[in-house]
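# Structural overview for review
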Amino acid sequence: MTRKFLFAALLAWSASLSAAPVPGAWVDGVLPVENPPVVQSIDLPVTLKRDNLAREGWAQQTPDQRLVYNVSQPQILPWPSSLAKDTVAPAVLLIPGGGYQFLAIDNEGFDVARRLDRQGVRVFIVKYRTLPLPDSFAGFKEAISATFQKGVRPTADSRPFAVADAQAAIRMVRARAGEWHIDPAKIGILGFSAGAMTVLATTQANASDARPDFVGMIYGPTQAEDLPENLPPLFSAIAADDRFFRGQDLSLIHAWRTSGSKVEFHLYSAGGHGFASQPNGTTSDAWFDQFVLWLKASGITAK
């Protein structure tokens with residue numbers, strides 16, 4: 001290889017590095033949403049108090065990918081069902097992620113609910129409380145820039161509040177199962193990213209009146225200890241190149257399996273983080289169809 005060719009190759013390599021996506025670059029394009037959608041919602045009881053005087057805010061990565069932050073009143077959002085009104089069906093409670101600073105309400109909420117509704121289940125979205133942030137869009141954007149671009153983790157632990165809200169949602173759906181035509185023995189939770197962390201923590205809490213009957217974790221933790229007995233069936237999916245969880249081992253999956261509970265685990269060679277409703281040409285695009293098949297194979301939904 002000549003020196004001239006080598007220099008040209010190095011220049012091309014350098015240019016490719018500068019053109020590569022910067023982690024968290026999506027934050028730069030986040031804009032405020034002036035008119036948040038109006039959806040049916042039911043307030044959840046607050047069992048663990050958290051003060052947040054800031055107003056709830058909405059933002060967007062793109063017009064069809066919105067984020068909601070400064071959530072101070074937990075709610076459950078029932079998705080309009082395509083099932084016959086008197087059909088008794090399992091319930092899936094969706095728990096979006098967002099680093100506990102916001103909820104990815106479209107990508108991991110509305111968009112997933114729209115697809116799940118056609119799979120013989122009744123769907124709810126858990127709008128749990130998020131980390132208190134400054135009462136302004138500028139303050140919100142500065143906070144997520146620190147987390148997703150600079151890697152500065154919030155010091156406050158928001159997980160206990162998210163777990164309390166998830167438990168309140170399970171209790172409400174189970175208590176109103178007859179009214180909402182839900183099988184009270186088939187109430188599961190499906191979480192994404194921080195929502196998957198909430199699913200794990202809710203399962204670990206093992207509250208007798210708020211125990212899910214099946215759980216799903218999409219690009220969430222794969223490493224954990226201290227699991228309770230009688231674990232519910234687990235569906236877990238993650239990409240090997242996940243930015244946030246790729247450093248974890250698979251001890252959670254191993255412990256869940258050796259406990260005697262059923263496990264369905266998919267480790268995709270690529271897909272990154274956040275692929276819930278964002279196909280990108282990798283095998284992670286198959287997660288939803290595999291989850292639906294798992295529901296049928298596990299006897300949760302009809303085959």
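As a starting point, this report considers the structure included with it.

What counts and what doesn't
Residues numbered from 1 in each chain as written. Predicted model: local features only at pLDDT ≥ 70, side-chain atom pairs only at ≥ 80, totals over all residues. Heavy atoms only, no water. Buried < 20%, exposed > 50% of the residue type's maximum accessible area, 1.4 Å probe, protein only. Helix = DSSP H or I, 4+ residues; strand = E, 2+ residues; numbered from the N terminus. Pairing = 2+ DSSP bridges. Lys, Arg positive; Asp, Glu negative; His and termini not counted. Salt bridge = Lys/Arg side-chain N within 4 Å of Asp/Glu carboxyl O. Polar contact = N/O pair within 3.5 Å; in protein donor to acceptor, adjacent residues only side chain to side chain. Phe/Tyr/Trp six-rings, centres within 6.5 Å; stacked < 30°, edge-to-face > 60°. Lys NZ or Arg CZ within 6 Å of the ring centre and 35° of its normal. Axes fitted to C-alpha atoms, helices over the stretch in contact; angles between N-to-C directions. Parallel < 35°, antiparallel > 145°, perpendicular 65-115°, else oblique. Left-handed = near helix turned anticlockwise from the far one by under 90°. Contact = heavy atoms within 4.5 Å. Nonpolar A, V, L, I, M, F, W, Y, C, P; charged D, E, K, R; others polar. Expected span 1.5 Å × (residues − 1).

## Details of the pairing of strand E10 (residues 214–218)
Counting buried positions along E10 yields 5 of 5 residues, so the element is predominantly enclosed. In E10, alternate side chains face the same way, and those of Phe-214, Gly-216 and Ile-218 on one face and Val-215 and Met-217 on the other are all buried. Pairing of strand E9 (residues 182–192) with E10 involves 5 bridges; the strand directions are parallel. In the strand pairing of E10, Gly-188 is matched with Phe-214. With 4 bridges connecting them, E10 and strand E11 (residues 234–239) associate as parallel partners. For Val-215, the partnering residue across the bridge sits in E11 and is Leu-234.

## Describing the side chain of Arg-50
Tracing the backbone through its elements, the reader meets Arg-50 in the loop between strand E2 (42–43) and strand E3 (57–62). Buried Arg-50, no salt bridge; nearest opposite-charge side chain is Asp-157, N-O distance 7.4 Å. In this structure the side chain of Arg-50 is engaged in a polar contact, spanning 3.0 Å, whose partner is the side chain of Ser-158.

## Details of the packing of aromatic side chains
Applying the stated criterion across every chain, the model contains 20 aromatic pairs. Measuring from centroid to centroid gives 6.4 Å for Phe-214 and Trp-294, while their planes differ by 65 degrees, and the two rings are edge-to-face. Here the residue Phe-214 occupies a position in strand E10, and Trp-294 occupies one in helix H8 (residues 287–297), the gap between them amounting to 80 residues. Through a chain of ring-to-ring contacts, three or more aromatic side chains come together here, namely Phe-192, Phe-214, Tyr-219, Phe-235, Tyr-268, Phe-275, Trp-287, Phe-288, Phe-291 and Trp-294. The ring of Phe-288 carries the charged tip of Arg-115 above its face, separated from the ring centre by 4.0 Å.

## Some words on the packing of helix H2 (residues 106–116) against H8
The description of two helices packed together rests on the angle between their axes and the distance between the axes. Two numbers describe how H2 lies on H8: the axes approach to 12 Å, and their chain directions differ by 50 degrees. Accordingly, the angle class assigned to the pair H2 and H8 is oblique. Of the two possible hands of crossing, H2 and H8 adopt the one that is right-handed. Taking contact as the criterion, the partners of Val-112, Arg-115 and Leu-116 in H2 are, on H8, Trp-287, Phe-288 and Phe-291. For the contact of H2 with H8, the class distribution of residues is 5 nonpolar, no polar and 1 charged.

## Quick word on the sheet that holds strand E4 (residues 65–69)
Reading across the sheet, the 4 strands line up as E1-E3-E4-E7 and stay open at both edges, with antiparallel pairing between neighbours. Bordering the open sheet on either side are strand E1 (31–32) and strand E7 (102–103), each of which pairs with just one other strand. One ladder, built from 5 bridges, connects E3 with E4; its direction is antiparallel. Residue Gly-57 lies in a different strand from E4, and its bridge partner there is Tyr-69.

## Notes on helix H4 (residues 159–175)
Given a rise of 1.5 Å per residue, 17 residues ought to cover 24 Å, and the 24 Å separating the end C-alpha atoms of H4 matches this to within 8%. For H4, a buried count of 12 out of 17 residues is recorded, marking the element as mostly surrounded by other parts of the structure. Along H4, the residues that are buried comprise Phe-161, Ala-162, Val-163, Ala-164, Asp-165, Ala-166, Gln-167, Ala-168, Ala-169, Ile-170, Met-172 and Val-173.

## Here's the deal with the pattern of salt bridges
For the structure shown, the criterion picks out 8 salt bridges. When the shortest N-O distance is used, the salt bridge between Asp-135 and Arg-55 registers 3.2 Å. Here Asp-135 is found in the loop between strand E8 (122–127) and helix H3 (137–148), whereas its partner Arg-55 is found in the loop between E2 and E3, with 80 residues between them in sequence. Judged by relative accessible area, which is 59%, Arg-55 ranks as exposed. Here Arg-174 makes a salt bridge to Asp-213, at a shortest N to O gap of 2.9 Å. Residue Arg-174 is located in helix H4, and its partner Asp-213 is located in the loop between helix H6 (194–205) and E10; the two are separated by 39 residues in the primary sequence.

## Section: the sheet that holds strand E12 (residues 263–268)
The mixed open sheet is built from 8 strands, whose spatial order is E2-E5-E8-E6-E9-E10-E11-E12. Looking at which strands have only one partner, the edges of the open sheet turn out to be E2 and E12. Bridge count for E2 against strand E5 (residues 75–78) is 2 bridges, and the pairing is antiparallel. If you follow Asp-43 over to E5, its bridge partner there is Gln-75. In the packing of H6 onto the sheet, the strands contacted are strand E6 (89–95), E9 and E10, and the crossing angle to E9 comes to about 135 degrees.

By themselves, these observations are geometric and do not establish any function.
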